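Below, each chain spelled out in residue letters.
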Amino acid sequence: MFDPQHDFVDPLLDWHERNGRHDLPWREPDRTPFEVLLAEILLQRTTAEAVAGAYRPFAARYPTPETVAAAPTEEIEALVAPLGLVKRAAYLRRCAQQILARPSGDVPREYPELVGLHGVGEYTARSVLIHVTGLGIAAVDTNVRRLLSRFFDVTPDRDRIAVLADALAPPTRSADFQHAMLDFAAEVCTAGSPACSSCPLRGPCASAEE
DNA sequence: AAGTCGGGGCT
DNA sequence: AGCCCAGACTT
């Protein structure tokens, strides 16, 4: 009998412990909520590998919303430019200003306030909650959508995948699970030619092959 | 609902 | 040449 927990979540977490990208700088445990948010915005439609090479200087120059709001937009643009989607520089600046306008002056800890920030959509808001508050939910990006729709052999409908992902997310290990899905999708269950022959998972997708 | 942003890597 | 990438905003 197929069991999502036993056949998907557990082996995926196990794979991640040994093969995950544990060296990504924004995954370091002592990152501030703003540093987490900064990373999430830089990662939008941008490979983790590309962001890995630009994140440390970025976080060093802009460690707080105050430093971003005080910087000229052109200066931020110059740092974002190598990653593409330069509009994110303006998004980031407006986002920092919004954060400073809050009573706390800090990154919101609730979903409605997070999605209200410029440049922060559903995925980014959820990811911030996962990493900052440890909330037991999932964030669906192109990787997660591809992985789950394939493994469970269901249509890649956004809302449906989101419900499935939330149901799978371990309440106390949502960050590990999120990283596991992202890393596994990027390295094994890839978009182009997935490494099914060396895949450690066995699920509905296996019987769906050929 | 469709269009736009985007450089870099991979096929 | 074309596809893809921790999406979100604008029209």
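What counts and what doesn't
Residues numbered from 1 in each chain as written. Chains lettered and ligands numbered in written order. Predicted model: local features only at pLDDT ≥ 70, side-chain atom pairs only at ≥ 80, totals over all residues. Heavy atoms only, no water. Phe/Tyr/Trp six-rings, centres within 6.5 Å; stacked < 30°, edge-to-face > 60°. Helix = DSSP H or I, 4+ residues; strand = E, 2+ residues; numbered from the N terminus. Buried < 20%, exposed > 50% of the residue type's maximum accessible area, 1.4 Å probe, protein only. Polar contact = N/O pair within 3.5 Å; in protein donor to acceptor, adjacent residues only side chain to side chain. Contact = heavy atoms within 4.5 Å. Domains from an automatic or database assignment. Buried area = accessible area lost by both parts, 1.4 Å probe. Salt bridge = Lys/Arg side-chain N within 4 Å of Asp/Glu carboxyl O. Nonpolar A, V, L, I, M, F, W, Y, C, P; charged D, E, K, R; others polar. UniProt positions renumbered as here; feature names shortened; annotations may be inferred. Axes fitted to C-alpha atoms, helices over the stretch in contact; angles between N-to-C directions. Parallel < 35°, antiparallel > 145°, perpendicular 65-115°, else oblique. Near = heavy atom within 4 Å.

Caption draft 1: Here's a closer look at the packing of aromatic side chains. Taken as a whole, this structure holds 9 aromatic pairs when the rule is applied. Aromatic pair Phe8 and Phe177: ring centres 6.4 Å apart, planes at 80 degrees, arrangement edge-to-face. Highlighted residues: Phe8 in helix H1 (residues 4–19) and Phe177 in helix H12 (residues 174–187), separated in sequence by 169 residues. The pair Phe8 / Phe177 is uniform in exposure class, with both members buried. An aromatic cluster is present here, built from Phe2, Phe8, Phe151, Phe152 and Phe177 joined pairwise through their rings.

Caption draft 2: How the structure looks around the side chain of Thr124. Of note, Thr124 is situated in helix H9 (residues 122–132). Here Gln44 takes part through its side chain, which lies 3.0 Å from a polar atom of the side chain of Thr124. Apart from residues no more than four positions distant in its own chain, Thr124 is found in contact with Leu37, Glu40, Gln44 and Gly119.

Caption draft 3: Quick peek at the domain arrangement of chain A. By the assigned domains, chain A splits into domain 1 (1–20 + 136–210) and domain 2 (31–135). Using C-alpha coordinates to define each centre, domain 1 is positioned 26 Å away from domain 2. Contact residues are listed per partner, giving 15 residues for domain 1 and 10 residues for domain 2. Summed over both sides, the interface of domain 1 with domain 2 buries roughly 960 Å², with 58% coming from carbon and sulfur. It is Gly136, Ile137 and Ala139 that lose the most area in domain 1 upon contact with domain 2, and together they represent 39% of the buried surface on that side. The interface formed by domain 1 and domain 2 includes 2 salt bridges. As a salt-bridge pair, Glu122 and Arg158 come within 3.8 Å of each other at their nearest N and O atoms. Here the side of domain 1 that touches domain 2 gets 5 residues from one element, more than from any other, and that element is H12. Counted by class, the side of domain 1 that touches domain 2 contains 7 nonpolar, 5 polar and 3 charged residues.

Caption draft 4: How the structure looks around the UniProt feature "domain: HhH-GPD" (unreviewed entry) in chain A. In the numbering used here, UniProt assigns the "domain: HhH-GPD" (unreviewed entry) feature to residues 42–187. Its end C-alpha atoms 20 Å apart, residues 42–187 is made of 64% helix and 0% strand.

Caption draft 5: Representation of the packing of helix H10 (residues 142–151) against helix H11 (residues 158–168). Where H10 meets H11, the closest approach of the two axes is 10 Å, and the angle between their N-to-C directions is 85 degrees. Comparing their axes, H11 and H10 come out roughly perpendicular. Of the residues in H11, those in contact with Val144, Arg145, Leu148 and Ser149 of H10 are Arg158, Ile161, Leu164, Ala165 and Leu168. Residues of the contact of H10 with H11, tallied by class, amount to 6 nonpolar, 1 polar and 2 charged.

Caption draft 6: Geometry of the protein's contact with DNA strand B. Arg45, Thr46, Ala81, Pro82, Leu83, Gly84, Leu85, Val86 and Lys87 make up every residue found near DNA strand B. Take the atoms of DNA strand B that sit within 4 Å of the protein: sugar and phosphate atoms are 56% of them. In the environment of DNA strand B, a base nitrogen lies 2.8 Å from a nitrogen or oxygen atom belonging to the backbone of Leu83. Between a sugar or linking oxygen of DNA strand B and a main-chain N or O atom of Leu85, the distance comes to 2.8 Å. When its residues are assigned to classes, the surface near DNA strand B shows 5 nonpolar, 2 polar and 2 charged.

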